[in-house]
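Examination of the molecular architecture
Letter by letter, the chains look like this.
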Amino acid sequence: MTVNTSGKRTALVTGANKGIGLAIAKGLAQRGFHVWITARNQQRGEEAIEQLQAEGLSVQLLMMDVADDVSVQQAAAALSAATDRLDVLVNNAGVLLDASATPTQTRLSDMKATFEVNLFGPVRVTQAFLPLLRAAKQARVVMLGSGVGSLALITDESSIYSSVNLLSYSASKVALSAVTVCFAKELAAQGIKVNVVEPGHVKTDLNGNTGDLTPEEGAMSAIRMALAETNGPTGKFFGPQGQQPW
């Protein structure tokens, strides 16, 4: 069904039925966006939509598994039938599959599955939705990275991130930074800005709710980049305190 988005900016947030993704979707909707929330589980997705719609926010569910080529292509086709443009894409979906494994104990199967979602997922989704992004005026793509995806931070003993040693997750987020820079270089001439953000140490299911920040606080880095002005940055890495080192 085609959505009347005249006068509204449009956004898509992947993996947004809970946690930081849901907070990002809510924050963008509160700022006047019509937001599509993607989820793999229909029930959880519908519950998230009902929660936000009960607050009077303009949101819709789009079923999509970022690790599945067919699912992503079907979702892109469905969105193309619903709207003629996409102003903001937030690649938020991510997994942490082997938090208890040391690097030497990490199974390659877990590492491959992590990369499928955390790295290939954003590439797959960005490529699939690119026609809609190009149809918008100065679209924004935001990649959800991590402090453990910064080589500078994980080797800085004064940083909290240096105490974390997650092979699969860290490597996938380091690689995501390279993906961000590559997309940013190509799409700059089309006015599309691509940045990667880290939300800070947020309480989420991913870390057993051991973080210091709320999902709403963690969402702010992504929301700021989604709202970046025409002269704003592209191909950069940001966190709650501003630009971060690679």
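Scroll up for the structure.
Residues numbered from 1 in each chain as written. Predicted model: local features only at pLDDT ≥ 70, side-chain atom pairs only at ≥ 80, totals over all residues. Heavy atoms only, no water.

1. Considerations on the overall build of the protein chain
- When you go through the protein chain residue by residue, the secondary structure sums to eight helices and eight strands.
- In summary, the protein chain has a C-alpha radius of gyration of 17 Å against a globular reference of 18 Å for 246 residues, a match within 12%.
- Principal-axis analysis of the C-alpha atoms places the extent of the protein chain at approximately 50 × 40 × 30 Å.
- Every one of the 246 residues in the protein chain was classed for burial, and the buried ones make up 51%.
- Accessible surface, the protein chain: about 11300 Å² in total, of which carbon and sulfur atoms supply 51%.
- Here the protein chain carries 20 positive and 21 negative side-chain charges, and the mean point of each set is 6 Å from the other. (Helix = DSSP H or I, 4+ residues; strand = E, 2+ residues; numbered from the N terminus. Rg over C-alpha atoms; globule rule 2.2 N^0.38 Å. Buried < 20%, exposed > 50% of the residue type's maximum accessible area, 1.4 Å probe, protein only. Areas by Shrake-Rupley, 256 points an atom, 1.4 Å probe, with all protein chains shown as cover. Lys, Arg positive; Asp, Glu negative; His and termini not counted. Charge placed at Lys NZ, Arg CZ, Asp CG, Glu CD.)

2. Some words on the sheet that holds strand β2 (residues 33-39)
- Overall, mixed pairing links the eight strands, which are arranged β3-β2-β1-β4-β5-β6-β7-β8 in an open sheet. In the strand order of this sheet, the two ends are held by β3 (59-63) and β8 (242-243), each with one partner.
- On the sheet, helix α3 (residues 69-82) packs against β1 (9-13), β2 and β3 and is oriented at approximately 145° with respect to β3.
- Across the sheet, helix α8 (residues 215-226) touches β4 (88-91), β5 (140-144), β6 (193-197) and β7 (237-239), and the angle it forms with β5 is around 160°. (Pairing = 2+ DSSP bridges. Contact = heavy atoms within 4.5 Å. Axes fitted to C-alpha atoms, helices over the stretch in contact; angles between N-to-C directions.)

3. Topic: the packing of helix α5 (residues 120-135) against helix α7 (residues 167-187)
- Where α5 contacts α7, the axes come no closer than 12 Å and their chain directions differ by 20°. One finds that α5 runs roughly parallel with respect to α7. Between α5 and α7 the crossing geometry is right-handed. Two secondary-structure elements touch here, α5 through Pro 122, Val 123, Thr 126, Gln 127, Leu 130 and Arg 134 and α7 through Leu 176, Val 179, Phe 183, Glu 186 and Leu 187.
- Here the residues of the contact of α5 with α7 sort into seven nonpolar, two polar and two charged. (Parallel < 35°, antiparallel > 145°, perpendicular 65-115°, else oblique. Left-handed = near helix turned anticlockwise from the far one by under 90°. Nonpolar A, V, L, I, M, F, W, Y, C, P; charged D, E, K, R; others polar.)

4. With respect to the packing of aromatic side chains
- By the definition in use, this model includes two aromatic pairs.
- Relative to Trp 246, the ring of Phe 237 has its centre 5.7 Å away and its plane inclined at 20°; by these criteria the two rings are stacked. (Phe/Tyr/Trp six-rings, centres within 6.5 Å; stacked < 30°, edge-to-face > 60°.)

5. A short note on α8
- Relative to the 16 Å expected for 12 residues at 1.5 Å per residue, α8 spans 17 Å between its end C-alpha atoms, a close match to the ideal helical length.
- Of all the residues in α8, the buried ones are Gly 218, Ala 219, Ser 221, Ala 222, Ile 223, Met 225 and Ala 226.
- Those residues of α8 hidden inside the fold are in contact with α1 (19-30), β4, β5, β6 and β7. (Expected span 1.5 Å × (residues − 1).)

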